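# Tertiary structure, described
Chain residues, written in single-letter form:
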Amino acid sequence: MADLIGLNKVKPGQTATVVSIKGRSSINKRIADMGVIPGTAIKVNRVAPLGDPIEIIIRGYHLSLRKKEAANIIVELDVK
Amino acid sequence: MKKITVAIAGNPNSGKTTVFNALTGMRHHVGNYPGVTVEKKEGACKHEDYEITFVDLPGTYSLTAYSIEEIVARNFIVDEHPDVVVDIVDSSNLERNLYLAVQLMEMNVPLVLAFNMSDLAKSKGMSFDIEQLSQLLEAAIVPMTANKKEGINELLQAVVKTAEAPKKQRTHTIQYGKEIEEELEKIQNTLDSEHDLVTKYGSRWLALKLLEHDKEIWEKGHNKEVLHAVKNSTEHLKIVFDDDPQIMIADRRYGFISGACQESVKHTVETRHDWSDKIDTVMINRVLGIPIFVILMYLLFQLTFFLGQWPMEWMERFFGWLSVNVAALWPAGSESALKSLIVDGIIGGVGGVIVFLPNILLLFLAIAFLEDSGYMARAAFIMDRIMHKIGLHGKSFMPMLIGLGCSVPAIMATRILENRRNRLTTIMIIPLVSCGARLPIYMLIIPAFFANTVLLKFGFLKITMHAFMLWIIYMIGILLAIICARILRSTVFQGETTPFVMELPPYRMPTLKGVVIHMWDRGWMYLKKAGTIILAISIILWAAASYPKVDPKNLEGLSESQIQTEKLRNSIIGGIGHAIEPIIKPIGFDYKIGTALIGALAAKEVFVAQLGIVYSLGESEGTSKALRKKLKADYSPLQGFCIMLFCLISAPCMATIAMTKRETGSWGWAIFQLLGLTTLAYVVTFFAYRIGLLMSV
């Protein structure tokens, strides 16, 4: 099994699968409502011009979140 | 004629507004949901034998208690019992859009799903087995493309059919899996003691919301027994899943959706040409993103200034013509008070403000275009790093941008901010973002003191002195807003910032109708302000400027302009203006400006009207040109600049203060804003004027 890392560590262009969500619950709820739940495939699409937030593609749509929140989303990098 | 009430729900960016506009046309009414300040749009249409009323619910992704919008949408459905709920679904982004639909199903409402943007879904290679999906979700499904007006009639038919169908309990409920279902049952069993809540919400829904730790439902005053059961269940589930139960609940809902989609949605072609993403590789490019953003903002002003000048001139000519013709109804040289009231007070005052309507409409047009095209979200994405640094949220940028139009809707727009401290800070600094009503002041002052030389030229693109000065003023406002936000966030509004979880919707070509309706709603607000509050203030100010009358004996032997000066000095307003002169002298202002500033306290644009009255313009020459000439004769360019600076920063208008009071729920914050900004204006203008004098600008 590959290493588990925070979504903030995933580089643009890489894809990963959500394993779990850690941290404060009200944010978790929001993130989960937007479809970021364990087992979902995520692609990190790009980073904002100033380095934060990041843009991800999930369930066919584009979502942006700060690196701080992304760090709470634990993912497993897809093996090429 | 039978009546049906329909609530329109849907995700933000699902084309909800387009559907609403297509259904109701221009016949809609904008108001507020009772008790809260969320905008409520209502409209009606006739279909066959039915009169259908549509209520546009706020756009939400979910129906939890995450934001005021979600609570409002949910409560409307529970309390008002609409006959049908239409959920507008972006069918090209089906899974996430169905998440809201699933929650509506759980509320057991008669549901119609409008699969909007079906042209886009088709071009993405998606095809739906509507019949099967309709069975699985137990709702009528209508494919439509609202911006091409396709499917509107079919939607109306489905609405009528659903309203007429006997109401029945749903047979499919979303199953949350053995562990969660067991806990739900345990909670439901304790709920027998809460009869009223159960009749209102249903016990399964209530148990589910309690397990989701829904703040609003949680605070309904539950029995100890219930709370105890919820606590036990939560802890039990945490151990079982090693995750919050609320995440598992979301997980199961998405699981249900995936199951339904797997059976009935086909991706026939694997097309990967995502146009929107291609556009974004340029628009939010790491290198180009910021320059493009700055240029777009600059174009916004150039457009307002450049395209607005012709209609503005026509309107000025019209009001000039009107006052000459109205004055001609009286014999020449008449001293009639009524003539003076109509010509100087009303036409001069209100007309002087209405001529800026073209500029304001253009500004709102541009903002509506940015909003509807999807660029607004990119702006938040680009700006979040900076906004986060000053303790705000990228989303705070949107209300601030709307603040360019008017502080009032901007303050209302801060509702998209979930965190109260963030919201209060944003409300406090919004007036520093120069609003459309201040534009008339700059447009009067800038041409009066600065020649419109071409500063830079690239082909047919040129940067002129007037646009540059305007840009400088706006930039000063934004800079001050940043500094103030930083200070407020580290003193009065200390605390953690909210997370940034925001959709970047696909770019869309805004529809003409959508943009026009948007522009018209805002423009109408401005006109209403001109027709009511500004009319009233113009009359009061005219009276204050005309009374008490000077004894004619004292005016003998004086020239026309001396008479006017004498009359003004003797009036109430002249008295106040003179009284505050010692206070405003250090910042380069005299009693005339002081007098106009009193008007600007009530509404920023009144400053211009007031100056017109102070200079006794408005009869035959009531145009800005004459006023500019007089200003140029009386003041230096430095003073002109200081006038703009003070008007930019100082006390916001009465409508803004009233809105701050309403949105913060306290007069305290409104007064804090009023006094704080006026003090800041004084200090900044003082230093600008003094330094300017030293440098002999």
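Keep in mind that what you see is a predicted model, and the values were worked out from it rather than measured. (Residues numbered from 1 in each chain as written. Chains lettered and ligands numbered in written order. Predicted model: local features only at pLDDT ≥ 70, side-chain atom pairs only at ≥ 80, totals over all residues. Heavy atoms only, no water.)

## Re helix α2 (residues 68-80) of chain B
Selection criterion: Segments assigned H or I by DSSP are reported as helices when at least four residues long, segments assigned E as strands when at least two residues long, and all are numbered from the N terminus. By this rule the span expected of a helix is its residue count minus one, scaled by 1.5 Å. The classification of residues rests on relative accessible area computed with a 1.4 Å probe and restricted to protein chains. Under 20% of the type maximum is buried, over 50% is exposed, and intermediate values are partly exposed.
Between its terminal C-alpha atoms α2 of chain B stretches 17 Å, which fits the 18 Å expected from 13 residues at 1.5 Å a residue. Where α2 of chain B is concerned, the buried positions are E69, E70, V72, A73, R74, N75, F76, I77 and V78 of chain B.

## A word on the interface of chain A and chain B
Cut-off, in case you're wondering: The criterion used for residue contact is that any of the two residues' heavy atoms lie within 4.5 Å. Here, a salt bridge means any Lys or Arg side-chain nitrogen found within 4 Å of an Asp or Glu carboxyl oxygen. Polar contacts, as counted here, are pairs of nitrogen or oxygen atoms within 3.5 Å of one another; within protein the pair requires one atom able to donate a hydrogen and one able to accept it, and residues that are adjacent in sequence qualify only if both atoms are side-chain atoms. Polar here means any residue outside two lists: the nonpolar Ala, Val, Leu, Ile, Met, Phe, Trp, Tyr, Cys and Pro, and the charged Asp, Glu, Lys and Arg; Gly therefore counts as polar. Two strands qualify as a pair provided DSSP detects at least 2 bridges between them.
The interface of chain A with chain B comprises 38 residues on the first partner and 48 residues on the second. On inspection of chain A and its partner chain B, the count reaches 5 salt bridges. Among the ionic pairs, R46 of chain A bridges to D277 of chain B, the shortest N-O distance being 3.5 Å. Across the chain A-chain B interface, the total number found is 15 residue pairs in polar contact (both at pLDDT 80 or more). Those elements giving two or more residues to the side of chain A that touches chain B turn out to be β2 (15-21), α1 (25-33), β3 (41-47), β4 (54-58), β5 (61-65) and α2 (67-70) of chain A. The leading source of residues in the side of chain A that touches chain B is α1 of chain A, at 9 residues. In terms of residue class, the side of chain A that touches chain B is made up of 16 nonpolar, 10 polar and 12 charged. Examined bridge by bridge, β5 of chain A and strand β12 (residues 501-503) of chain B share 3 bridges and lie antiparallel to one another. The residue of β12 of chain B that forms the bridge with L65 of chain A is V501 of chain B.

## Quick look at the pattern of salt bridges
This structure, assessed with the given rule, holds 28 salt bridges over all chains. Notably, a salt bridge pairs K29 of chain A with E212 of chain B, separated by 2.7 Å at the nearest N-O pair. Taken together, the residues span two chains, with K29 of chain A in helix α1 and E212 of chain B in the loop between α9 (203-211) and α10 (215-218). This pair shows no difference in class: K29 of chain A is buried, exactly as E212 of chain B is. The residue K220 of chain B makes a salt bridge to E216 of chain B at a minimum N-O spacing of 4.0 Å. On the basis of relative accessible area, K220 of chain B is assigned to the partly exposed category, the value being 31%.

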